[in-house]
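# Fold and contact review
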Amino acid sequence: MTQIYPDDSLTLHTDAYQINMMQTYWEQGIHNKHAVFEVFFRKMPFQNGYAIFAGLERVVNYINNLHFTDSDIAYLRESQDYSEGFLDYLRHFKFDATIRSAREGDLVFNNEPLMQVEGSLATCQLIETALLNIINYQTLIATKAARIKSVVGDDGLLEFGTRRAQELDAAIWGTRAAYIGGFDATSNVRAGKIFGIPISGTHAHALVQTYRNDYQAFMAYAQTHHDCVFLVDTYDTLRSGVPSAIKVAKEMGDKINFQGVRIDSGDMAYISKRVREQLDEAGFPDAKIYASNDLDEKTIQNLKMQGAKISVWGVGTKLITAFDQPALGAVYKMVSIEDDHHKMVDTIKLSNNAEKVSTPGRKQVWRITKRADAKSEGDYITLYDEDPRNEESIYMFHPSFTYINKTVSDFDARPVLTPIYDHGKQVYDLPAIDEIKQYAHDSLESLWDEYKRDLNPQDYPVDLSQKLYDHKMNIIHSVRDWVSKKDY
Ligand SMILES: Nc1ncnc2c1ncn2[C@@H]1O[C@H](COP(=O)(O)OP(=O)(O)OP(=O)(O)O)[C@@H](O)[C@H]1O
Ligand SMILES: O=P(O)(O)OC[C@H]1O[C@H](OP(=O)(O)OP(=O)(O)O)[C@H](O)[C@@H]1O
Ligand SMILES: O=C(O)c1cccnc1
C-alpha cells in the first residue's frame, strides 16, 4: 500500500543516479567543486518556430522546499548502501546555488540555454531531474496552447483537458501553462482557485440524460443558473437540442443570460451553420456556438476554412497530453567545472552528430531586435562576460553553415537569462499569472510572422558570438587531440 509520510518532500523527486553521483563526489571530497549546468532542447516542439517557456514558478516552489526530511534520510538509509557520513551531509544539505533563467512567457528556441545552474557540483546534480521534469512538460503545453491560440484569433478558447491529462499534477500545471500560452479559461476549478485563472463550465450530456428530455434539462439548468450555455447534441442537435434551447431562452427572457449552445459531435462545420441560422432566426444573434470534441489546431483551422460558425472552442485531450509530441527533449548539461587548481574549465560533450555537440562555457542569450520596428533579428549567445550592448554592430552567423551571416546595427539586445537565485537566495519576484500571459503575448508580437506560421516555419536564428564560436572550436580541437594521443 502507498506509504504516506507526514514530512514527505520533493527532494527525493530525482533519479537515484543523481544521489549515487553525489555520494561519489562527497566521498572523494569534490562535492563542493564549483560547476555550471545549462538546460536546453535540441529540437523545436511540434516543429514549431518558437517555444513558450513555462515552469519557473514551480521550479522556485521546488527549490524553496529543497531539504532532506527525516523520512527521506531514513528511506535512503534502508534502501541504499550510502555511508552514514554521506547521509549526515544530506541531512544538513542546503540549497546554495545561483540560478538564471528565461522568464515564464518568454520565447525560447532550440540549442540555447533556458536555465543555468551554478553552484556546488552535488547541488547541481541533485536538482537536474525535477528541473527537467517541470520545464519539459510546462514549456511543451504552453507552446501547444500558443499554436492553438494562433488559429482561433479572437474567438474564445477554453481548456477542458483535466479528465484526459496524465494524472492530477499534469492537469493542474498543464492548465496553468495553457493559460500562459493563450487560453482564456479552464474547466479545472482547483486550478482557478490556486492560480487565479478564470474558470468556465457548461454542462454535460448527463444533465440531459437525467431528464431524458432536452427542454426539461435546459429549463432546470436555467432555473438554477444565470449564465447558460446548453449542450444541444445529446439526441438531435437541429431537431431537438437547439429548438429546446431557444424555447427556454425565450421563456426565461431576462432571467437568464443565454450565452449560447455547445456542440460536441457530428460534422461541426455543417451543424454550426445550421445552428447559427436557427439562433439568428429566433432573435439570438449574440448567442455563441461553442464546440468541443477532440479539437486541435489542425481541426480548428480546417473548420474555420469550411466556414464553421463557431466562436468558442473547448480543447482538452490534444492540448493537455501534447498529443502530437508527448515530450519536449530538454536536457541538462555541464558546461563548466572547477579543476584541481580552483580554475573553471569549460567542458564539452562531443558527438558524431553535429547537433549533439554541446556548447561549452557559462553563457548568456541575447534577444536581438531592430530598434526601428522592435522586431526579432535572432538570438545571439555569448560567453557570460560579453555584452553586445557595448557594440555598434554585431556579426551574426549560423553556427553550422557559417556562410549564412549578417551584420546587425541599430539593435537592442535583451539578456534572456535573468537572475532567479543568487547563492541560494531568491532574488526574483514571481510575477502574477496575468503578467506572464501578457508577456507571452507581447513576446510573440516581436516575432516576425515567418517564424510563427504553424506549418514549416522559418528557422529562427540562434547564433554564437565569434568569441564563443572560437572557444567551442578550440575545445573541440583540444579534446580531439587529447583523445588521439591516448593510449589505453
Ligand atoms: N467539418 C469537420 N471537418 C473536420 N473535422 C471535423 C468536422 N466536424 C467534426 N470534426 C472532427 O472530426 C472528429 C469526429 O470524431 P468522432 O467521429 O469521434 O465524433 P462523433 O462521432 O461526431 O462524436 P462522438 O464523440 O460522439 O463519437 C472530431 O475530432 C471532430 O473534432
Ligand atoms: O474532446 P476533448 O478535446 O478532450 O474535450 C473534452 C471532452 O470532454 C467532454 O466529453 P467526454 O470526452 O467526457 O465525453 P464524450 O466524448 O463522450 O462527449 C467534452 O464534451 C469534450 O468532448
Ligand atoms: O464545461 C464544459 O463544457 C466541459 C468541461 C470539461 C470537459 N468537457 C466540457
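Details of the structure are given in the entry above.
Right, let's walk through the structure included here.

Procedures and definitions
- All residue numbers refer to position in the chain's written sequence, counted from 1.
- Labels follow written order: the first chain is A, the first ligand is 1, and so on.
- Predicted model: local features are reported for residues with pLDDT of at least 70 only, side-chain atom pairs are reported and counted for 80 or more only, and whole-chain, interface and lining totals are derived from all residues.
- Heavy atoms from the whole structure form the basis of all side-chain values; hydrogens and water molecules are not counted.
- Helical segments are the DSSP runs of H or I of at least four residues, strand segments are the runs of E of at least two, and each set is numbered from the N terminus.
- A simple rule labels every residue: compare its accessible area, found with a 1.4 Å probe on the protein chains alone, to the largest value its type can have, and call it buried under 20%, exposed over 50%, or partly exposed in between.
- Distance and chemistry together define a polar contact, namely a pair of N or O atoms within 3.5 Å, with one atom able to donate a hydrogen and the other to accept it when in protein, and with adjacent residues in sequence counting only for side-chain atoms on both sides.
- Throughout, a residue-residue contact means that at least one pair of heavy atoms, one from each residue, lies within 4.5 Å.
- Lines fitted to C-alpha atoms define the axes here, with helix axes fitted over just the stretch in contact, and angles between the N-to-C directions of these axes take values from 0 to 180 degrees.
- When an angle is under 35 degrees it counts as roughly parallel; over 145 it counts as roughly antiparallel; between 65 and 115 it counts as roughly perpendicular; any other value is oblique.
- Crossing chirality is assigned from the near helix's rotation relative to the far helix, an anticlockwise turn below a right angle marking it left-handed and a clockwise turn marking it right-handed.
- Each residue receives one of three labels: charged for Asp, Glu, Lys and Arg, nonpolar for Ala, Val, Leu, Ile, Met, Phe, Trp, Tyr, Cys and Pro, and polar for the others, Gly being one of them.
- Any helix carries an expected span of 1.5 Å times its number of residues minus one.
- Directions are taken from the helix axis to each C-beta atom, and the arc is the one they span.

Take Thr186: it is sitting in strand β7 (residues 185-186). Thr186 gets classed as buried once you look at its relative accessible area, which sits at 1%. A distance of 2.8 Å separates the side chain of Thr186 from the side chain of Glu159, its partner in a polar contact. The residues touching Thr186, leaving out its near neighbours within four places in the chain, are Glu159, Thr175, Ala191, Gly192, Ile197, Pro198, Ile199 and Ser200.

For the pair helix α3 (residues 70-79) and helix α4 (residues 84-91), the least separation of the axes is 10 Å and the interaxial angle reads 160 degrees. As judged from the angle between their axes, α3 and α4 are roughly antiparallel. The way α3 lies across α4 gives a crossing that is right-handed. Within the contact between the two elements, α3 uses Asp70, Ile73, Leu76 and Arg77 and α4 uses Glu84, Leu87, Leu90 and Arg91. Class assignment of the residues belonging to the contact of α3 with α4 gives a composition of 4 nonpolar, no polar and 4 charged.

Turning our eyes to something else, we now look at the side chain of Thr98. With respect to the helices and strands, Thr98 occurs in strand β3 (residues 98-101). Given a relative accessible area of 8%, Thr98 falls into the buried group. Within the structure, the side chain of Thr98 is placed 3.0 Å from the backbone nitrogen of His423, a separation counted as a polar contact. Once residues lying within four places of it in the same chain are set aside, the contact partners of Thr98 are Gln116, Val117, Glu118, Tyr421, Asp422 and His423.

Right, let's talk about helix α14 (residues 433-445) for a bit. The first and last C-alpha atoms of α14 sit 19 Å apart over 13 residues, in line with the 18 Å expected at 1.5 Å per residue. If you check which residues of α14 are buried, you get Ile433, Ile436, Lys437, Tyr439, Ala440, Ser443 and Leu444. When α14 is viewed along its axis, its buried side chains cluster within an angular range of 155 degrees and face the same direction. On the buried face of α14, the contacting elements are β2 (51-52), β4 (107-108), α6 (167-181), α7 (189-195), β18 (411-415) and α15 (449-452).

Before going further, it helps to examine unusual backbone geometry. One can expect most non-glycine residues to show negative phi and most peptide bonds to be in trans. Here the phi dihedral of Phe46 falls at roughly 60 degrees; this positive angle occurs in a residue that is not glycine. A relative accessible area of 9% means that Phe46 is categorised as buried. A positive phi angle is found at Glu167, which is not glycine, with a value near 80 degrees. Mapped onto the elements of the fold, Glu167 is located in helix α6. On the basis of relative accessible area, Glu167 is assigned to the exposed category, the value being 59%.

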